[in-house]
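Fold and contact review
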Amino acid sequence: MQSWIRGGGIRSSGTFCTGVALMVMTLFSWSSPLTGTPNSTTATATSVDENSITGYIRQTSQPRWIEIDLSEQRLRAWEGNKLVYSYRISGGKRSTPTPLGRFRINSKYRTHRMRGKDYNIPDVPYTMYFYRGYAIHGAYWHKRFGTPVSHGCVNLPVQQARNLYNWTSMGTLVVVRK
(Lines give C-alpha, C1' and ligand atoms only; values in the text may rest on other atoms or scores of the structure.)
Protein backbone atom coordinates (compact mmCIF):
# COMPACT_ATOMS: atom_id res chain seq x y z
CA MET A 1 0.00 0.00 0.00
CA GLN A 2 2.78 2.40 0.99
CA SER A 3 4.66 1.79 -2.29
CA TRP A 4 1.47 2.30 -4.32
CA ILE A 5 0.87 5.74 -2.75
CA ARG A 6 4.50 6.73 -3.23
CA GLY A 7 4.43 5.55 -6.89
CA GLY A 8 1.19 7.42 -7.57
CA GLY A 9 2.59 10.54 -5.93
CA ILE A 10 5.67 10.38 -8.10
CA ARG A 11 3.57 9.89 -11.24
CA SER A 12 1.26 12.81 -10.42
CA SER A 13 4.16 15.07 -9.46
CA GLY A 14 5.79 14.21 -12.81
CA THR A 15 2.59 15.26 -14.59
CA PHE A 16 2.47 18.45 -12.52
CA CYS A 17 6.12 19.26 -13.34
CA THR A 18 5.52 18.63 -17.05
CA GLY A 19 2.55 21.03 -17.00
CA VAL A 20 4.57 23.72 -15.21
CA ALA A 21 7.46 23.27 -17.65
CA LEU A 22 5.10 23.67 -20.62
CA MET A 23 3.59 26.85 -19.15
CA VAL A 24 7.03 28.34 -18.49
CA MET A 25 8.18 27.50 -22.03
CA THR A 26 5.03 29.07 -23.47
CA LEU A 27 5.50 32.19 -21.38
CA PHE A 28 9.11 32.69 -22.47
CA SER A 29 8.50 31.83 -26.13
CA TRP A 30 5.68 34.36 -26.53
CA SER A 31 6.52 37.65 -28.17
CA SER A 32 4.20 40.51 -28.96
CA PRO A 33 3.59 41.31 -32.61
CA LEU A 34 5.34 44.38 -33.93
CA THR A 35 2.66 46.79 -35.04
CA GLY A 36 3.25 48.81 -38.15
CA THR A 37 5.42 46.24 -39.91
CA PRO A 38 4.36 44.76 -43.25
CA ASN A 39 3.91 41.31 -41.68
CA SER A 40 1.73 42.62 -38.85
CA THR A 41 -1.85 41.40 -38.70
CA THR A 42 -3.09 44.62 -37.13
CA ALA A 43 -5.64 46.34 -39.36
CA THR A 44 -5.22 50.02 -40.01
CA ALA A 45 -7.27 52.32 -42.19
CA THR A 46 -5.18 54.29 -44.66
CA SER A 47 -5.77 56.11 -47.88
CA VAL A 48 -5.06 54.27 -51.11
CA ASP A 49 -1.59 55.10 -52.43
CA GLU A 50 -0.21 53.24 -55.45
CA ASN A 51 3.39 53.46 -54.19
CA SER A 52 2.58 52.09 -50.75
CA ILE A 53 0.67 49.16 -52.28
CA THR A 54 3.60 48.28 -54.52
CA GLY A 55 6.04 48.63 -51.59
CA TYR A 56 3.85 46.44 -49.41
CA ILE A 57 3.70 43.75 -52.09
CA ARG A 58 7.48 43.74 -52.59
CA GLN A 59 8.19 43.34 -48.87
CA THR A 60 5.99 40.30 -48.29
CA SER A 61 6.11 36.86 -49.81
CA GLN A 62 3.71 36.87 -52.73
CA PRO A 63 0.42 37.64 -50.97
CA ARG A 64 -2.86 37.36 -52.80
CA TRP A 65 -4.74 40.62 -53.14
CA ILE A 66 -7.54 42.13 -55.18
CA GLU A 67 -7.49 45.48 -56.95
CA ILE A 68 -10.80 47.03 -58.00
CA ASP A 69 -10.46 49.95 -60.43
CA LEU A 70 -13.84 51.70 -60.60
CA SER A 71 -12.77 54.06 -63.40
CA GLU A 72 -12.12 51.02 -65.61
CA GLN A 73 -14.87 48.85 -64.03
CA ARG A 74 -12.25 46.11 -63.69
CA LEU A 75 -11.18 43.73 -60.95
CA ARG A 76 -7.67 42.33 -60.96
CA ALA A 77 -6.51 39.51 -58.70
CA TRP A 78 -2.80 39.45 -57.94
CA GLU A 79 -0.37 37.04 -56.42
CA GLY A 80 2.43 39.41 -55.51
CA ASN A 81 3.18 41.22 -58.78
CA LYS A 82 1.76 38.41 -60.95
CA LEU A 83 -1.69 39.01 -62.46
CA VAL A 84 -3.90 35.95 -61.92
CA TYR A 85 -7.38 37.18 -62.97
CA SER A 86 -8.69 40.28 -64.73
CA TYR A 87 -12.48 40.63 -64.94
CA ARG A 88 -14.98 43.29 -65.98
CA ILE A 89 -17.24 44.26 -63.10
CA SER A 90 -20.28 46.34 -62.32
CA GLY A 91 -19.56 48.63 -59.42
CA GLY A 92 -21.94 50.97 -57.65
CA LYS A 93 -24.06 53.56 -59.45
CA ARG A 94 -23.43 57.25 -58.81
CA SER A 95 -26.31 57.28 -56.29
CA THR A 96 -25.02 54.13 -54.51
CA PRO A 97 -21.22 54.18 -54.89
CA THR A 98 -18.75 51.46 -54.00
CA PRO A 99 -16.60 52.54 -51.03
CA LEU A 100 -12.98 53.44 -51.76
CA GLY A 101 -10.06 52.27 -49.62
CA ARG A 102 -8.18 49.25 -48.35
CA PHE A 103 -10.24 46.44 -46.87
CA ARG A 104 -10.01 42.73 -46.11
CA ILE A 105 -12.43 39.97 -46.95
CA ASN A 106 -14.18 39.38 -43.63
CA SER A 107 -16.79 36.74 -44.53
CA LYS A 108 -17.55 34.39 -47.41
CA TYR A 109 -20.81 32.66 -48.35
CA ARG A 110 -21.41 30.17 -51.15
CA THR A 111 -24.88 31.74 -51.48
CA HIS A 112 -26.40 34.56 -49.50
CA ARG A 113 -29.65 36.57 -49.51
CA MET A 114 -29.01 40.28 -50.04
CA ARG A 115 -31.60 42.83 -48.97
CA GLY A 116 -31.71 46.59 -49.23
CA LYS A 117 -34.16 49.46 -49.43
CA ASP A 118 -35.29 48.59 -52.96
CA TYR A 119 -33.97 45.06 -53.55
CA ASN A 120 -34.26 41.56 -52.09
CA ILE A 121 -32.21 38.98 -53.99
CA PRO A 122 -32.10 35.34 -52.86
CA ASP A 123 -29.18 33.00 -53.44
CA VAL A 124 -26.56 35.57 -54.43
CA PRO A 125 -23.64 33.32 -55.44
CA TYR A 126 -20.05 33.45 -54.20
CA THR A 127 -20.46 36.39 -51.83
CA MET A 128 -17.31 37.84 -50.23
CA TYR A 129 -17.95 40.75 -47.85
CA PHE A 130 -15.12 43.25 -47.53
CA TYR A 131 -16.72 46.26 -45.79
CA ARG A 132 -20.01 46.45 -43.86
CA GLY A 133 -22.71 45.33 -46.33
CA TYR A 134 -20.46 45.66 -49.38
CA ALA A 135 -19.32 42.53 -51.15
CA ILE A 136 -17.79 41.08 -54.26
CA HIS A 137 -20.26 38.54 -55.65
CA GLY A 138 -21.73 36.86 -58.68
CA ALA A 139 -24.73 38.48 -60.38
CA TYR A 140 -27.14 36.23 -62.29
CA TRP A 141 -29.76 38.98 -62.74
CA HIS A 142 -27.90 41.18 -65.25
CA LYS A 143 -25.20 41.06 -67.92
CA ARG A 144 -24.17 44.75 -67.92
CA PHE A 145 -20.61 44.15 -66.69
CA GLY A 146 -18.35 47.08 -67.43
CA THR A 147 -21.14 49.50 -66.39
CA PRO A 148 -21.84 50.73 -62.83
CA VAL A 149 -25.30 49.32 -62.02
CA SER A 150 -25.03 47.92 -58.48
CA HIS A 151 -26.09 49.29 -55.10
CA GLY A 152 -22.40 49.55 -54.12
CA CYS A 153 -21.31 45.93 -54.33
CA VAL A 154 -18.89 44.64 -56.95
CA ASN A 155 -20.79 42.38 -59.39
CA LEU A 156 -19.11 39.70 -61.47
CA PRO A 157 -20.44 37.06 -63.87
CA VAL A 158 -21.20 33.96 -61.80
CA GLN A 159 -18.39 31.75 -63.16
CA GLN A 160 -15.80 34.47 -62.61
CA ALA A 161 -17.13 35.07 -59.08
CA ARG A 162 -16.74 31.34 -58.46
CA ASN A 163 -13.11 31.38 -59.61
CA LEU A 164 -12.34 34.36 -57.38
CA TYR A 165 -14.24 32.86 -54.41
CA ASN A 166 -12.17 29.67 -54.63
CA TRP A 167 -8.93 31.65 -55.03
CA THR A 168 -9.41 33.99 -52.05
CA SER A 169 -9.29 33.33 -48.34
CA MET A 170 -10.49 35.21 -45.30
CA GLY A 171 -8.37 38.32 -44.84
CA THR A 172 -7.43 38.74 -48.50
CA LEU A 173 -6.61 42.41 -49.14
CA VAL A 174 -9.11 44.31 -51.30
CA VAL A 175 -8.01 47.70 -52.66
CA VAL A 176 -10.78 49.80 -54.22
CA ARG A 177 -9.82 52.93 -56.15
CA LYS A 178 -11.09 55.26 -58.86
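As a reminder, the structure under discussion sits directly above these lines.
What comes next concerns the included structure. Since the model is a prediction, treat every value here as computed from it, not as a measurement.

**Section: the nonpolar core**
Most often, soluble globular proteins have nonpolar side chains that are buried together. Grouped together as the largest cluster of nonpolar side chains are 21 residues, with contacts concentrated most on I66, I68, L75, I136, L156, L164 and V174. If you list the elements that add at least two residues to this core, you get β1 (64-69), β2 (74-79), β6 (119-131), β8 (154-156), α3 (158-167) and β9 (173-177). No other element matches the 4 residues that α3 contributes to this core. Residues contacting V174, with those up to four places away along its chain left out, are I66, I68, G101, R102, F103, I105, F130 and I136. Core analysis: the second largest hydrophobic core is formed by 6 residues, I121, V124, Y129 and A135 among them.

**Topic: a nonpolar patch on the surface**
A cluster of nonpolar residues, Y140, W141 and V158, forms a patch on the protein surface that exposes about 270 Å² of accessible area. Relative to the helices and strands, W141 is located in the loop between β7 (134-138) and β8.

**Re the sheet that holds β1**
One open sheet holds the 5 strands; their spatial order is β3-β2-β1-β9-β4, and the pairing between them is mixed. Since the sheet does not close on itself, it has two edges, and those belong to β3 (82-88) and β4 (101-104), each with one partner. Between one strand axis and the next, the sheet turns through 20° on average, direction left out of account. Bridge analysis of β2 against β3 gives 6 bridges, and the strand direction is antiparallel. The residue of β3 that forms the bridge with L75 is Y87.

Criteria and cut-off values
- Residues numbered from 1 in each chain as written.
- Predicted model: local features only at pLDDT ≥ 70, side-chain atom pairs only at ≥ 80, totals over all residues.
- Heavy atoms only, no water.
- Core = buried A, V, L, I, M, F, W, Y, C linked by side-chain atoms within 4.5 Å.
- Buried < 20%, exposed > 50% of the residue type's maximum accessible area, 1.4 Å probe, protein only.
- Helix = DSSP H or I, 4+ residues; strand = E, 2+ residues; numbered from the N terminus.
- Contact = heavy atoms within 4.5 Å.
- Patch = residues over 30% accessible without salt bridge, like charges linked within 9 Å, V, L, I, M, F, W, Y side chains within 5 Å.
- Areas by Shrake-Rupley, 256 points an atom, 1.4 Å probe, with all protein chains shown as cover.
- Salt bridge = Lys/Arg side-chain N within 4 Å of Asp/Glu carboxyl O.
- Pairing = 2+ DSSP bridges.
- Axes fitted to C-alpha atoms, helices over the stretch in contact; angles between N-to-C directions.

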